[in-house]
Amino acid sequence: MQHSAVPELELAHTTTRPIHWVATAAALAGVVALSSGLQPDSAHAAQASGTQTKSAPATASAPATTGVAFPIDCGPVKAVVQKKASGDLDGDGRPETVAVVHCDAGMGTPPDGVYVLTQGAGAAVPRVVATLVTPKARETVTDFAVRDGSVRATLLGYSTADVPSCCPDVKETAKWQWQNGEFVRSTPGNAQNV
């Protein structure tokens, strides 16, 4: 063990005492009190000129997936929400939720369904308003996002009904946007064999 060349009395600043904690707490309380008084007045806050952004009301929250009856037939097993994302898709200022759902199969890769949920004011449970991908299409969703008012996904599928479910051989990207009262699908790239 190495000993200090300076006597312990000269190292008083390295030992904390209750008075140090009281002084620190008082200083922190003063900073918090001062910062709360220095907030800008909302009537005089700087506004960006020429640009307006439409935002959701403070009370609007994205619909939850709990309790929703998805239009997917799972037989004796339950439907599972694999992925979800939210955003204002139709420009009404209230967010929608997009859910990727499949049956809780014991093995294999069950096909996914992609559903858009909304919840009206006063409604107890959100409801499905659109199906973007039906499980009957036998597609699996990999990359998935809601961005800039659109839904984007990478879909793995099959070129023919003869391709085994274990081994999807087609990969494509898809994008859906709300246009003229419905979701319109566009495929930015061509389908590729995997």
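For clarity, every value in this text was computed on a predicted model and none was experimentally measured. Numbering of residues starts from 1 in every chain and runs along the sequence as written. Totals for whole chains, interfaces and linings use every residue, but because this is a predicted model, local features are given only for residues with pLDDT of at least 70 and side-chain atom pairs only at 80 or more, for both listing and counting. With hydrogens and water excluded, all non-hydrogen atoms of the structure serve as input to the side-chain values.

### Let's talk about the sheet that holds strand β2 (residues 96-103)
Paired strands, in this sense, are two strands between which DSSP finds at least two bridges. Comment: elements are numbered from the N terminus, with helices defined as DSSP H or I runs of at least four residues and strands as E runs of at least two. Pairing within the open sheet is antiparallel, and its four strands lie in the order β1-β2-β3-β4. The open sheet has two edge strands, β1 (79-87) and β4 (127-133), and neither has a second partner. Taking each pair of neighbouring strands and ignoring which way they run, the sheet shows an average axis angle of 30 degrees. Sheet analysis places β2 next to strand β3 (residues 113-118), joined by five bridges and oriented antiparallel. Each bridged residue has a counterpart across the sheet, and for A99 the counterpart in β3 is Y115. In this analysis an axis means a line fitted to C-alpha atoms, helices contributing only their contacting stretch, and an angle means the value between N-to-C directions, from 0 to 180 degrees.

### Topic: the state of the cysteines
For the purposes of this analysis, a disulfide is any pair of cysteine sulfur atoms at a distance within 2.5 Å. Tallying each qualifying case throughout the model produces two disulfides. One disulfide in the model links C74 with C103; its S-S distance is 2.1 Å. Residues C74 and C103 share a disulfide whose torsion about the S-S bond is about -90 degrees; that sign makes it left-handed. Of the two residues, C74 is situated in the loop between α1 (18-37) and β1 and C103 in strand β2; the sequence distance between them amounts to 29 residues. For the pair formed by C74 and C103, the shared burial category is buried. With a sulfur-sulfur separation of 2.4 Å, C166 is cross-linked through a disulfide to C167. Looking along the S-S bond of the C166-C167 disulfide, the torsion reads about -70 degrees, which is the left-handed sense. Each disulfide in the chain links cysteines that, numbered along the sequence, combine into the pattern 1-2, 3-4. To sort residues, take the accessible area from a 1.4 Å probe on protein chains only and compare it with the maximum for the residue type: under 20% means buried, over 50% means exposed, and anything in between is partly exposed.

### A look at the confidence of the model for the chain
The score called pLDDT rates the predictor's confidence residue by residue, from a low of 0 to a high of 100. On average, the chain scores 76 in pLDDT, and the residues at 70 or more come to 65%. Contacts between residues were defined by any pair of non-hydrogen atoms, one from each residue, lying within 4.5 Å. Considering only residues more than four positions removed or in separate chains, one finds that residues 34-59, a stretch of pLDDT under 50, has seven contacts.

### Some remarks on the packing of aromatic side chains
For this analysis, a ring pair means two rings from Phe, Tyr or Trp (six-membered ring only for Trp) whose centres lie within 6.5 Å, classed as stacked if their planes differ by under 30 degrees, edge-to-face if by over 60, and tilted for the remaining angles. Per the counting criterion, the structure on display carries two aromatic pairs. With a centroid separation of 5.5 Å and an interplanar angle of 40 degrees, the aromatic rings of F70 and Y115 are classed as tilted. A residue pair is termed long-range when its members are at least 10 positions apart, and F70 in the loop between α1 and β1 and Y115 in strand β3 qualify at 45 residues. Y115 carries the same exposure label as F70, and that label is buried. Between W178 and F183, the aromatic rings sit 4.9 Å apart at their centres with planes inclined by 70 degrees, giving edge-to-face as the arrangement. Taking relative accessible area as the criterion, W178 reaches 35% and is therefore assigned partly exposed. Relative accessible area serves as the criterion here: at 18%, F183 is assigned to the buried category.

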